Structures are given as C-alpha cells and as structure tokens.
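# Understanding the architecture of this molecule
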Amino acid sequence: MCQFRWRKVSSSFIALAFIPVLATFGKRRIPQSRIPVSVYSRGVPELRERNIRYLSSGHQGGHRKAVRVMAEIKGKGEGRYFLKNAFILDMATMAGGEYTSVKDFYRDRSIFITGGTGFMGKVLVEKLLRSCPDIKNIYLLMRPKKGQNVQERLQELLNAPLFEKLRRDSPGELSKIIPVAGDVTEPELGISANDQDMLIRSVSVVFHSAATVKFDEALKLSVTINMLGTKRLVQLCHRMRNVEALIHVSTAYCNCDRHDVAEEIYPVAKEPEQVIALTQWMDDKMVEDLTPSLIAGRPNTYTFTKALAERMLQRERGSLPVAIVRPSIVLSSYREPVAGWVDNCNGPTGIIAAAGKGFFRTMLCHKDKVADLVPVDIVINLMICAAWKTATHRTDTISIYNCCTGQQNPITWKEFVDLSFKYSRLHPANDAVWYPDGRCHSSIILNKLCVTLQHTLPAHILDTFARLKGSRPIMVRVQAKLSKATKCLEYFSTKQWNFRDDNVRRLGEQLSPEDREIFMFDVKQINWPSYLEHYILGIRQFILKESPDTLPAARSHITKLYWLHRAMQFGMLIIMLRVLLLRSAATRGAFFSLLSIVLRICRLIV
Ligand SMILES: NC(=O)c1ccc[n+]([C@@H]2O[C@H](COP(=O)([O-])OP(=O)(O)OC[C@H]3O[C@@H](n4cnc5c(N)ncnc54)[C@H](OP(=O)(O)O)[C@@H]3O)[C@@H](O)[C@H]2O)c1
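In this text the structure is predicted, and so the values were computed from the model without any measurement. (Residues numbered from 1 in each chain as written. Predicted model: local features only at pLDDT ≥ 70, side-chain atom pairs only at ≥ 80, totals over all residues.)

### As for the sheet that holds strand 7 (residues 137-142)
As a reminder of what qualifies: Between any two strands, at least two bridges found by DSSP are needed for them to pair. Under the scheme used here, helices are H or I runs from DSSP no shorter than 4 residues and strands are E runs no shorter than 2 residues, and both carry numbers assigned from the N terminus. Every axis corresponds to a line fitted to the C-alpha atoms, with the helix fit spanning only the stretch in contact, and the corresponding angles, defined between N-to-C directions, vary from 0 to 180 degrees. Residue pairs are scored as contacts if the distance between their C-beta atoms, which are placed from the backbone, is within 7 Å.
Taken together, 7 strands build an open sheet; the order of strands is 8-7-6-9-10-12-16 and the sheet is parallel. Either end of the sheet is taken by a strand with one partner, and the two such strands are strand 8 (177-181) and strand 16 (399-403). In this sheet, neighbouring strand axes are inclined to one another by 20° on average, regardless of whether the strands run parallel or antiparallel. Where strand 6 (residues 110-114) and strand 9 (residues 203-208) come together, 5 bridges link them in parallel fashion. Counterpart to Ile111 in the pairing with strand 9 is Val205. In this fold helix 10 (residues 219-239) packs onto strand 6, strand 9 and strand 10 (245-249), with an angle of close to 170° to the strand it touches most, strand 9.

Now the structure itself:
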C-alpha cells in the first residue's frame, strides 16, 4: 500500500514535468494518427502501468481512460484541457514500447489445436495460415477414422474447398500443418511419448476445440470427451515449457439454466470430479438411468458436460494463462475465406437444408425470441485475438468471451425462418420434392398438427409411391431424423438469454484498426438478410454439393413446383368447401347466396 502511494506520488511529479511537452504535442499534432506516447513518457510509470502508450485519434475508450489517468495526475481541469483534442489509444499489448500486432504475435510460434478436423477447427487452421503467414507450425491432434490414418485424413482435409484460397495463393503454408495422432478419450490424449516431447518443447499457443457436440450423447462418452479430454489437455499444457495461451472453446449455452449469462464461470450443482468418478465406475445402463437426475436443470448432456469442463478448467489450470470462448449457435462464414462456407449439419443448418428440398415446413419456436446465431469466421477471429490478449496481457484470472449476437445485433426466430425460406426459394436446391414454404409456430398443438399434415403424412405417401415404383422408401426415415434434430433445437428456439459480451467489446477496442479489420469480430457489422442469403447459397454448394451452375435449372423446376403448390392449395380449399356444403343445408344456402351476390356484382361491373 505504502509502496503504491510512493509510486503514485513520484510518478505524478514526473508526469507533471511532461505536461507542457505533451500539451504542445496535443495542440499541434494530435490530429495525426497514432504516435507512441512512450517516446514522451519514458520514465512515467503511471502511463506505462496503465497501458497507455499511444496518442491516437478516434478512440473513445482510450480517451476516457486517459482523461481519468491524467485527471488523477494533474487535476481534473488540466487533464481535460491537455486532452481536449486528443484521444489516447489504450493498447493492451506492447513489446519494447510498440504495439504488437496479432500477426506479429504469432510469428515463429507453434500452435497446438485439438478438434482441427471439425467445422470450427478447420476455419481456425485456415485463418491462422492465411492471416499469420509467419507462424512456425500448427500441430493438429487427429484420430484415425473410417479406415484412414492421420496422414490420409490431413490430405483429405487440405483438399477441401475451404483451403482452395491457400492452395492457390500460398501452397507452402500448408506444409506447416503437422498431424499428431491421438484421441482425447485415451490417457495422455493417446499421444506417443515422442510427439509429447515435441509438443512440450515447441508449442506456445493451444486451442482446445475437440468435443462431442451431440446434444443427446450418452453421458459416459460426453464426460469422457468433453471433461476428461479437457483435463488431459490441461495436464499436457502444464508440461509445456513455453505455453503462453490456452484457449478453451466452450458454449454460451453451458449456462442455459440461467437467463442472464455474464462472462464468468458459474457454480454447477455437481462437482466435476464426482461426475467423472461416477461415470467411470458405473456401467452404461446405470449411467443412462441416472442421467436425467444428474443433468437436472439442463436440457442435455452436452451443455452439462461443457459447464463442468469450464469448472474443472478453473480448478486445474494452476498458473496457466487460460481464456474461454463461448459461441452461441455457429453458422456459416460471414466473409472468410468465402462468404457462406459451412460443412456440417448441426444446429439449424440440417433443418434449413431439408426445408430447401421442400420436405420441412414447420417448427416449434417462439417467433419474437432472439435466435442467437453467430458466423463461424467471427468466432475464429475472436479466438485468435483472445490468445493474443491472453499471452500479451497476463492476468491471474480466466478471461471469458461470450461470442454472441443477441445483445448487439439481434435477429428473431421468425426473421431467421422467414429469410431462410425466402432465399431457399430465390436460390433453390436441385430436385426439390416440393415448393419450399413454411413457418415457425409458437403453439405446441398447432405445430404437432402441422407436423402430422405437412411432414408425416406426405412422407408416408411418398414412401408408398416409392415402393410401388420399386425404389427405396426413405422419406419416413428422413422425417424421423429431422424430428429428432428439431426436438434438440426446441429448447433453444423457445427461450431467450442475455449473453453479456463486454469482454468481447473491450477486446475489439484494444486492437489496432488494422487488426480489427483483419480479425473482424464486430457482430454489429452483420447484415442479416445478406448474410442469410450467403448461408443458403453455402448450404447449397458445400452441404448439398450442388454447383452454382445448376441454379437456372433449379429455378425453373421451382417455378413448376410453385404452380403445383398453388393448385394443390386451391384443390384443398375446394374439397373443404365441398365437405362443408354437403354437411349442412344452412352452409349450402349461405354459400349459394354469397355466390349469387358476387355474380350480380360482376354483372353490374361488366
Ligand atoms: N458448432 C456450434 O454451433 C458450436 C456452438 C458453440 C460451441 N461449439 C464448440 O466448438 C467446438 C467445435 O465445435 P464444432 O462445431 O467444430 O464440432 P465438430 O465439427 O463436431 O468437431 C468436433 C471436433 O472434435 C474432434 N473430436 C471429437 N472427439 C474426439 C476425440 N475423442 N479425440 C480427438 N478429437 C475428437 C473431432 O474429430 P474427428 O474429426 O476425428 O471426429 C472434430 O475435430 C466444440 O468444443 C463445441 O462445443 C460449437
């Protein structure tokens, strides 16, 4: 305390001595862009300690902070006078008095990524290689799968459309990816002793994205992958000599039992170690029976194990520099490497793809509730910057980033569903079975009725035709799968959360304008109609694997379906009227009087 006061007083004196210099500087040269304060404030620890290193224009957060600091040093009035035309850019990170750009931070560093073969992991690898070309190596944890070893999987990964830009512009970058065979369900992540040594010696930034994202995964497996996997990764990080940042990817919904979710780790009713122990000694059947009571308050095993993983991370991290990024519902890319890129059907994507093909038309969701959707490249940019911040601005606590759109740029479920249908009609899928049209319903009963009439019944009719034609009936099975997917989503589409994102906004403010542009995660910039148009085009191209060249033919097919759809609606109306007319003489009388009035009016007009 004493030492602090002495430092404050002494630095105030030194700062006072600099005021005239800075004031002159402020008056004459402030309109110029960033000029390091450190040049002028050498020996002024007050400024250095508070990370005020640049004079700049147009930075409100830094300006406010500077006013506060200078007011403390010099007295309120003078502080304001001195800064009246100036803004001070509040830089979180400086090396030798200079701002270290994100790209420079990653120079010569080696990165270890788990989940790099997944939807988000791929975008992370691609972006790191493209935007941080001086990266040394990227080690990817991979498990052999579907008869492919890790080398073969890597080759397949790099041949994917996502890497096209890199393959074309800088193919050399791809050789920096080194596959590491392993599996998070095994002790020591299943990584060989040699590979562990290599990671321990060379890695300084770790991204942990591997997880099972199946909402209704068996609890035992979910605990093993999402919790034990995280624990084993933390143990490996403890052995790394140069680790500067560990970014754990969680989910905004891990706290879905609360309405207001701040950027902090909340207590969970069960202890992580207790849950791990329980699921290890019990057999599968016992765990399954106990699951509903264990996860009480949460809708599925996924959100439960992700919440416990955060809690465990908090306990196990020791002095490791850790940050947690919590995205909400991740959809296709906003603009990088191409707008609309998406390659997995999780969340609403599979449902929207089915809607585009014409066999999905109704869903239970509260129209005016916010659908918290976020583009994948925005999440990845935030993760990259979160690692930069964690490494260059060390703190004792875990920083949490709620990567969501609901606070700054909300879109409702109705808007999302309506726009998705609109663009599914404008850019239709090939061979759609019916005209894409539908809506969300807030009423469970009405939705059930629509599901029966618009999903189940047509599926049975189509399968009967298929059987008669001698082909394989698939529609009932497809509808069963879709129904399971919508059931998983219903919990999230009928509720709303306040995901606070102050840390995300602050991180954005701490970046230089150039970094803010390269690693854009400002969700306010998302224009939802345009974004969703690209989303639909992305689903068509990357999920349904339909080339953009086939669009004209698909459009003419959809026009025919439109007339068929209208004819069908008209036919249904006639049948309904006919049934009504036959049932009661009064309705019949009313109908014919109405008809004669209409005819008389027509005659008068003609
Ligand atoms: N997508 C979203 O909407 C969303 C939203 C919020 C949070 N998140 C979080 O973001 C992270 C990534 O999600 P995602 O959408 O990219 O999921 P994803 O596409 O299913 O990818 C999961 C990744 O984890 C890997 N993995 C799973 N089990 C593994 C094991 N036993 N050993 C090694 N690797 C294993 C998978 O490897 P294989 O290729 O070998 O299967 C894959 O690379 C997850 O932590 C998830 O909780 C996602």
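Once you've had a look at it, read on.
### Let's talk about the site of the ligand
Applied cut-off: Any residue whose backbone-placed C-beta atom lies within 6 Å of a molecule or strand is treated as near that molecule or strand. In this classification, Asp, Glu, Lys and Arg are treated as charged, Ala, Val, Leu, Ile, Met, Phe, Trp, Tyr, Cys and Pro as nonpolar, and every other residue, Gly included, as polar.
Gly115, Thr117, Gly118, Ala211 and Val330 are the nearest of the 28 residues found near the ligand. For the shell around the ligand, the elements supplying multiple residues, two or more each, are helix 6 (119-131) and strand 13 (329-331). Here the shell around the ligand gets 3 residues from one element, more than from any other, and that element is helix 6. When the residues that make up the shell around the ligand are grouped by side-chain class, the tally is 12 nonpolar, 12 polar and 4 charged.

### Examining the packing of helix 14 (residues 348-357) against helix 21 (residues 528-543)
Let me state the cut-off plainly: Note on terminology: angles under 35 degrees are roughly parallel, angles over 145 are roughly antiparallel, angles of 65 to 115 are roughly perpendicular, and the others are oblique.
For the pair helix 14 and helix 21, interaxial distance at closest approach is 10 Å and the crossing angle is 90°. As the angle between them shows, helix 14 and helix 21 are arranged roughly perpendicular. Along its contact with helix 14, which presents Thr349, Ile352, Ala353 and Gly356, the element helix 21 presents Ile536, Ile539 and Ile543.

### Details of the nonpolar core
Nonpolar side chains in soluble globular proteins tend to be buried together. To keep it simple, the criterion reads: Each nonpolar core consists of buried Ala, Val, Leu, Ile, Met, Phe, Trp, Tyr and Cys residues. Their C-beta atoms, within 7 Å, join them into a set. With C-beta atoms placed from the backbone, a residue is buried if 20 or more other C-beta atoms are within 10 Å of its own, exposed if 12 or fewer are, and partly exposed between those counts.
Counting residues in hydrophobic clusters, the biggest one holds 128 residues, and the most contacted among them are Ile247, Val325, Val379, Leu382, Met383, Cys385 and Ala386. At 12 residues, helix 15 (residues 376-392) tops the list of elements feeding residues into this core. Sequence-distant contacts of Cys385, that is, excluding residues within four places in its chain, are made with Val102, Leu507, Leu511, Phe519 and Phe521.

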